[in-house]
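Read off the chains here:
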Amino acid sequence: MSPSKRIILLFFVFAVVFTTGAAETNKTEKSVNLGATVTSGNSKTFQANAGLSVERKTEFYQTKGSAEANFGESKNSAGDKETTINNSKISVFGKRTVSNRIFMYLDSSFFHDDIASVKYRVIAGPGLGYLFMKNDNTSISAELGPSFVGEKVKYDRDEYLAIRIVEKFEHSFNKSAKVWQNVEYLPKGEDFNDYLINSEIGVEAAMTETANIRIVIQDKYDNTPAESIENNDLTLISGINVKF
């Protein structure tokens, strides 16, 4: 059996374990993120982003689905337009508590980026996580597991087994402010010199009971990008988060 088929089989085995004995949802959180930046003068720029997140929690289960899109373009004094940002991502994450410290997870995502010539990148796989700290204000955790990666970058398609290593941190100062940070490292199983790194750091502060101001920095690093493409993409996102 090929490595990719083994990951898919393991993914479904974990899915069965997840759904066995699942309790009814007792908490659901939904939110929408919106942001835009406009400049004018010798050059005109426009950047917009939008996102949707749905998270459900029970005593032992947590599932989160999210979708986001970013678009930006610039226009010089001669009227020439250039697209500077055009990407989107859909992700689904599920977690089941095994003990006070250990949990199982299923993670999957779909990513597209016109500027980086990533036609599609699908990442999916199961794994185990460990909570180093968990209290009312702070959580620090790590995740480890195999992942199937299928992608098309420019004209080249590739499928391979990767190792997913993740670190996550979140701290709430009170009910009106929080910060978070996470790093995902995905080296190719057969070649550790071929890897992806996805990281994010953000801060959120309340303006009203349902609306927060939100600033996020996302960094995507590909150690072996397509020809003539930079390794690193850094994005600064500021906007409003509305919960409902």
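Remember, predicted model here, so these are calculated numbers, not experimental data. (Residues numbered from 1 in each chain as written. Predicted model: local features only at pLDDT ≥ 70, side-chain atom pairs only at ≥ 80, totals over all residues. Heavy atoms only, no water.)

Which residues make up the packing of aromatic side chains, and what values go with them?
Going through the model one piece at a time under the given rule, you end up with four aromatic pairs. Ring plane angle 20° and centroid distance 5.9 Å describe the contact between Phe93 and Tyr105, whose orientation is recorded as stacked. Within this pair, whereas Phe93 is found in strand 4 (residues 81–97), its partner Tyr105 is found in strand 5 (residues 102–113), the two being separated by twelve residues in sequence. Here the two residues Phe93 and Tyr105 agree in accessibility, since each one is buried. Relative to Tyr195, the ring of Tyr185 lies with its centre 5.7 Å away and its plane at 65°, an arrangement referred to as edge-to-face. Of this pair, Tyr185 sits in strand 9 (residues 177–188) while Tyr195 is found in strand 10 (residues 191–206), placing the two residues ten residues apart along the sequence. (Phe/Tyr/Trp six-rings, centres within 6.5 Å; stacked < 30°, edge-to-face > 60°. Helix = DSSP H or I, 4+ residues; strand = E, 2+ residues; numbered from the N terminus. Buried < 20%, exposed > 50% of the residue type's maximum accessible area, 1.4 Å probe, protein only.)

An account of the environment of Glu29 is requested, with residue identities and associated values reported.
By secondary structure assignment, the location of Glu29 is in strand 1 (residues 27–39). Separated by 215 residues in the primary sequence, Glu29 and Phe244 place their C-alpha atoms 7.2 Å from one another. Non-local contacts of Glu29, meaning those with residues more than four positions away in its chain, are made with Ser53, Val54 and Glu55. (Contact = heavy atoms within 4.5 Å.)

Break down the sheet that holds strand 3 (residues 61–76) for me, citing the residues and quoting the values.
Spatial ordering of the closed barrel is given by 1-2-3-4-5-6-7-8-9-10-11-12, a layout of twelve strands whose pairing is antiparallel. When the angles between neighbouring strand axes are averaged without regard to direction, this sheet yields 20°. (Pairing = 2+ DSSP bridges. Axes fitted to C-alpha atoms, helices over the stretch in contact; angles between N-to-C directions.)

Tell me about the side chain of Asn33, and name the residues and values.
Along the chain, Asn33 falls in strand 1. Here the side chain of Asn33 touches Asn241 through a polar contact of 2.4 Å, side chain to side chain. Other than its neighbours up to four places away in sequence, Asn33 contacts Asn49, Ala50, Gly51, Arg214, Ile240 and Asn241. (Polar contact = N/O pair within 3.5 Å; in protein donor to acceptor, adjacent residues only side chain to side chain.)

Summarise the pattern of salt bridges; cite the residues concerned and give the values.
Taken as a whole and judged by the stated rule, the model has eleven salt bridges. Arg121 serves as the salt-bridge partner of Asp222, at 3.4 Å between the closest nitrogen and oxygen. Note that Asp222 is positioned in strand 11 (residues 211–222) and Arg121 in strand 6 (residues 118–134), a separation of 101 residues in sequence. Its relative accessible area of 14% is what places Asp222 among the buried residues. A relative accessible area of 9% means that Arg121 is categorised as buried. One salt-bridge network, in which partners are shared between bridges, spans Asp107, Glu143, Arg164, Lys168 and Glu184. (Salt bridge = Lys/Arg side-chain N within 4 Å of Asp/Glu carboxyl O.)

Before we move on, can you summarise the environment of Ser117 with the specific residues and values?
Relative to the helices and strands, Ser117 resides in the loop between strand 5 and strand 6. The buried category is assigned to Ser117, whose relative accessible area is 13%. Considering only alpha carbons, one finds Ser117 and Val153, 36 residues apart in sequence, at a separation of 5.6 Å. Once you skip the residues sitting within four places of it in the chain, Ser117 turns out to touch Lys152, Val153, Lys154, Ala226 and Ile229.

Break down the nonpolar core for me, citing the residues and quoting the values.
Judged by nonpolar contacts, Ile123, Val149, Tyr160, Ala162, Leu186 and Leu196 together constitute the single largest core of six residues. Once residues within four sequence positions are removed from consideration, Leu186 is found in contact with Ile123, Ser147, Ala162, Ile163, Arg164, Asp194, Tyr195, Leu196 and Asn198. By size, the runner-up hydrophobic cluster in this structure holds five residues, among which are Phe111, Ala116, Val118 and Val153. (Core = buried A, V, L, I, M, F, W, Y, C linked by side-chain atoms within 4.5 Å.)

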